[in-house]
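Here are the chains, one letter per residue:
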Amino acid sequence: MLKKLTFGSWLTLIAAVAGIVGVVGMRTSSSIDSAYAYKTVSTLTVMGVCGVLLCLVAVWTPTRFGNHDILSTFGTVGAIALFMGVVGTMISDRVLMIAGLFSYNSQNMVGWRVFYATVTGVVGFVLGCLLLIIASFMKNAKTAK
């Protein structure tokens, strides 16, 4: 299978790794302090892990069914949707904390640690989405000549 992979497949695998980084950053930002825990951390974790699994589906299916098959497209679009859903929830749950850190509550060291972990998670998910979008315009498997 590895011999059939192209540059687009490797970008999708890197997107899966970025998704794992996003899940770890999201879980870390939720577990630093109970006051800053996400209310739906288990749902967000499941969404992130399912997005990573869909990235792997988007790599595996072109080696079996050819480039740009429906399962690969579903895997790519589903992973992007799940990753961006997690990003939207992360940002909406942290917007008041971030506003406080950058205005009146700038000495809150726990808040800054939560902020940096949140940024790590968001960057991981957004980078994964960008790599998936770029990879979707490329061939994901070498074809026989």
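Described below are features of the structure shown in this document. (Residues numbered from 1 in each chain as written. Predicted model: local features only at pLDDT ≥ 70, side-chain atom pairs only at ≥ 80, totals over all residues. Heavy atoms only, no water.)

## Overview of the overall build of the chain
- Counting secondary structure elements, the chain contains four helices and zero strands.
- A principal-axis box enclosing the C-alpha atoms of the chain has dimensions of 65 × 20 × 20 Å.
- Across the chain, contacts joining residues at least 24 apart in sequence account for 77% of those joining residues at least 6 apart.
- A total accessible area of about 7900 Å² is found for the chain, and carbon and sulfur atoms account for 73% of it. (Helix = DSSP H or I, 4+ residues; strand = E, 2+ residues; numbered from the N terminus. Contact = heavy atoms within 4.5 Å. Areas by Shrake-Rupley, 256 points an atom, 1.4 Å probe, with all protein chains shown as cover.)

## Things to note about helix α2 (residues 41-65)
- End to end, α2 covers 36 Å across 25 residues, agreeing with the expected 36 Å (1.5 Å per residue, within 8%).
- Buried residues belonging to α2 abut α1 (7-31), α3 (70-101) and α4 (109-135). (Expected span 1.5 Å × (residues − 1).)

## Some details on the packing of α1 against α2
- Here α1 crosses α2 at 170°, and the two axes come no closer than 8 Å. Judged by the inter-axis angle, α1 sits roughly antiparallel to α2. Here Ser-9, Thr-12, Leu-13, Ala-15, Ala-16, Gly-19, Ile-20, Val-23, Met-26, Arg-27 and Ser-30 of α1 come into contact with α2, specifically with Val-41, Leu-44, Thr-45, Gly-48, Val-49, Val-52, Cys-55, Leu-56, Ala-58 and Val-59.
- Of the residues assigned to the contact of α1 with α2, the class counts are 14 nonpolar, six polar and one charged. (Axes fitted to C-alpha atoms, helices over the stretch in contact; angles between N-to-C directions. Parallel < 35°, antiparallel > 145°, perpendicular 65-115°, else oblique. Nonpolar A, V, L, I, M, F, W, Y, C, P; charged D, E, K, R; others polar.)

## Considerations on the nonpolar core
- Grouped together as the largest cluster of nonpolar side chains are 21 residues, with contacts concentrated most on Met-26, Cys-55, Phe-83, Met-90, Phe-125 and Leu-132.
- Aside from chain neighbours lying at most four places away, what touches Phe-125 is Ala-18, Gly-19, Gly-22, Val-23, Met-26, Gly-48, Phe-83, Val-86, Val-87 and Met-90.
- Judged by nonpolar contacts, the second largest core, of six residues, contains Tyr-36, Trp-112, Val-114 and Phe-115. (Core = buried A, V, L, I, M, F, W, Y, C linked by side-chain atoms within 4.5 Å. Buried < 20%, exposed > 50% of the residue type's maximum accessible area, 1.4 Å probe, protein only.)

## Quick word on the packing of α3 against α4
- Where α3 contacts α4, the two axes come as close as 9 Å, and the packing angle between them is 155°. Of the possible angle classes, the one that applies to α3 and α4 is roughly antiparallel. With respect to the hand of their crossing, α3 and α4 are arranged in left-handed fashion.
- In the contact of α3 with α4, the residues fall into 20 nonpolar, five polar and one charged. (Left-handed = near helix turned anticlockwise from the far one by under 90°.)

## A closer look at a nonpolar patch on the surface
- Together, Val-57, Trp-60, Phe-65, Ile-70 and Leu-71 make up an exposed nonpolar region whose accessible area comes to about 510 Å².
- The set of elements that each furnish at least two residues to the nonpolar patch consists of α2 and α3.
- Top contributing element to the nonpolar patch by residue count: α2, with three residues.
- For Leu-71, the position within the fold is in helix α3.
- For Leu-71, a relative accessible area of 40% corresponds to the partly exposed category. (Patch = residues over 30% accessible without salt bridge, like charges linked within 9 Å, V, L, I, M, F, W, Y side chains within 5 Å. Salt bridge = Lys/Arg side-chain N within 4 Å of Asp/Glu carboxyl O.)

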